[in-house]
Structures are given as structure tokens and as C-alpha cells.
Amino acid sequence: MLEIPRVEDNGRLGPVNSALVPRYGGAPTYALLPRLDEAAAAGVAPEIKVVGVPFDAGVSYRPGARFGSGHVRQSSRLLRPYNPATDTSPFAQAQVVDAGDMAVNPFNIGEAIEAIQQDAMDLTEDGASLMTIGGDHTIALPLLRAASARAGEPVALLHFDAHLDTWDTYFGAEYTHGTPFRRAVEEGILDTEAISHVGTRGPLYGKKDLDDDHRMGFGIVTSSDVFRKGVDEIVDQLRQRIGGRPLYISVDIDVLDPAHAPGTGTPEAGGITSRELLEILRGLRGLDIVGADLVEVAPAYDHAELTGVAASHVAYDLITLMADRRASRAAAGEEQGR
């Protein structure tokens, strides 16, 4: 087997060294990072695991998000180890690995949800955090169950999406990509003092949708709010709402305007830009992020990798936040131990 030269920094195994290996060659792991088994063979413990969930049996319009994780991985080949926006090197701050894809039943939503929850629990048993790439938004529910179980308490939620995803049922089905956050509230796994949608827009079935959402405790930051108030004010608002609580971040790529992310299942006009989304995420630095997902990339509707590139960068900044938080905690622990 050919030896693959990798960037090694701070005792951690990083991406393939693209100064020696062409980016377009080799296995398309996320950001050309080592696989889980490669990290184990090198004797390094994974701290953040990127995992795909190729599942889209819960969609209500365009299918195809089952191919999203592979598309995002392919689109992530240009990512590099240093993040100048935060002046950090996330792959040196934490050992990040690609854990591959979960194997879930494409014909049985209930069984798939149970499998995703169990896989998430297994993958975080060693204390690692998950950056999950879907798949449709149905997968957020089992991931939130696992995150809440690991946190030992209900978690705060920032939900970036064009849609509320707090509907009750579709065609009588309680578990779809439009219902995960209603189920999460009902199950008591969300801290309803600290949950918010960001980037919502577009027509609804009726005003009752907003009334139900408010009753569940959600705050709403619309795409128009981002445009009119600006990123800094929105970040301040979100940080005040979340505080020091354990935070889960769920990003539906359709939060972006179709100009920035055409490859998705339920596009809505009037969305935020990729720049606005990335800047809002960067403004969350220092919060206690316990996990994140990026969903609803449907490559059949993408072109020139617009959606894939945007999604890969969103995942990169989420990983940066988690790695930076881990490094800060480790440094604080060292200071206390002196």
C-alpha cells in the first residue's frame, strides 16, 4: 500500500499533505482527513468525528439528500488546515477524523432513527464530538437524543433553516424532515429557554404554525432580520439566549438563498448569504457546542459544486468552533492544575 504523507501538527494527524499529493486524487474523506481506523493505527485518539448519514426517506419534496454526505466530502477537498477567520488550526487543536457513513434502513424511518441514535451514542462513548453530514433533517431528532443523553440534560438549540421544522405530521407521519424539533420539544431533550430558528422565511400553511412554534418556546430570527439588523446584532441576540448552556447546532443548507445553495430539496427565495451564515457561526466562538449537523444537500440539483462547497465550509467552521472550545477547556484545565 502506498504511504500517504499527511500534515502532522501538535501531535495530531491531519489532512493529506496537498503540497505533495494532488487534492483531486485519493480517497474523498472530509477535508482529506484521516479515517477513523487510520487514526487508531497511528495511536491517536479521535476528539471530533465527521460522520455521514445517507438517509432521505423523510423528505416531503425533492429526494436526493441521501447522496449529500458524499457530495460534501468531494467538495471539501480544497479545505486547508489553518482558519484565518479565527486565527486557529482546528485540526491541530483537536484530532478530527472521518468516521465514514452510518448504515441505516432506507425503507423504515423508525428503525433508521433508532440506528442513528445508537450509532451516535457509540461514536461519542469515548468523549468525542460529532459533526454529522446528512441526509435529510429527520436525522436531527436521534442526534439530539444522543447529544442530550451525553450532556446529561436538555440542550440548547440553534436551528439554521428556511423552515420551522416544528410541524406535527405529514400524511399522518410523525417522523419526517419537517417534524424533528416538535418531537424533540415533546420528548424534553431541548432546553426551551434557549432554542431558536435562524434564517426562516417563505410561506406557511397558516399563522397557527407560528403560534405553535412560539408556544414550544422557539425564538425566530428571519432572513429579513439578518438583512436589516446585521450579523453582529443577531450574534449578540443569539449568545444572550444561549448563555453557557450545552449547545447543539443544526444547519439545513436551505437556510442559504438558492443563489448560494441550489442543491437542496425545498429551496426558498430570499435566504441569507453564505458569508452571513459563516460570520454568524464564527460569532458563536466560545459557546459550549456539544454537537452539530449539516443536512439537506441534494447533489442532483447542484451545479458547479455551489451547494457542496458552501456546505463543506459551514462544516469546517462548525468543526473549528468545537475544536477551539476543546482546546480552551484543555488549557483552562492545565492552568487549574498548576
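Further up the page is the structure itself.
Nothing here was measured: the structure is a model prediction, and the numbers come from that model. (Residues numbered from 1 in each chain as written. Predicted model: local features only at pLDDT ≥ 70, side-chain atom pairs only at ≥ 80, totals over all residues. Heavy atoms only, no water.)

## Details of the sheet that holds strand β10 (residues 289-295)
Here is the rule: The pairing criterion for strands is at least two bridges between them, as found by DSSP. Per the convention used, a helix needs a DSSP run of H or I reaching at least four residues, while a strand needs a run of E reaching at least two, with both numbered from the N terminus. In this analysis, axes come from line fits to C-alpha atoms, helices being fitted only over the stretch in contact, and the angle between any two N-to-C directions falls in the range 0 to 180 degrees. Contact definition: two residues touch when any of their heavy atoms are within 4.5 Å.
With respect to topology, eight strands assemble into an open sheet ordered β4-β3-β5-β10-β9-β6-β7-β8, the strand pairing being parallel. At either end of the open sheet lies a strand with only one pairing partner, and these are β4 (96-101) and β8 (219-222). The sheet shows a mean angle of 15 degrees between the axes of neighbouring strands, direction not considered. Pairing of strand β6 (residues 155-160) with strand β7 (residues 190-200) involves five bridges; the strand directions are parallel. Looking at the pairing, Leu157 lines up with Ile195 of β7. On the sheet, helix α5 (residues 140-151) packs against β5 (129-134), β6, β7, β9 (247-252) and β10 and is oriented at approximately 150 degrees with respect to β6.

## A short note on the nonpolar core
To be explicit about the condition: To form a nonpolar core, buried Ala, Val, Leu, Ile, Met, Phe, Trp, Tyr and Cys residues must be joined to one another through side-chain atoms within 4.5 Å. Think of it in three bands: residues with accessible area under 20% of the maximum for their type are buried, residues over 50% are exposed, and the middle band is partly exposed, with areas taken using a 1.4 Å probe on protein chains only.
Formed by 52 residues in total, the largest nonpolar core has its most connected members in Tyr30, Met131, Phe160, Ile249, Val251, Leu277 and Leu281. Ranked by residues supplied to this core, first place goes to helix α11 (residues 306-337) with ten residues. In this structure Phe160 touches Val198, Ile249, Ser250, Val251, Asp252, Val255, Leu277, Ile280 and Leu281, once residues within four positions along its chain are discounted. Residues Val51, Val53, Leu144 and Ile195 belong to the second largest nonpolar core, which totals 29 residues.

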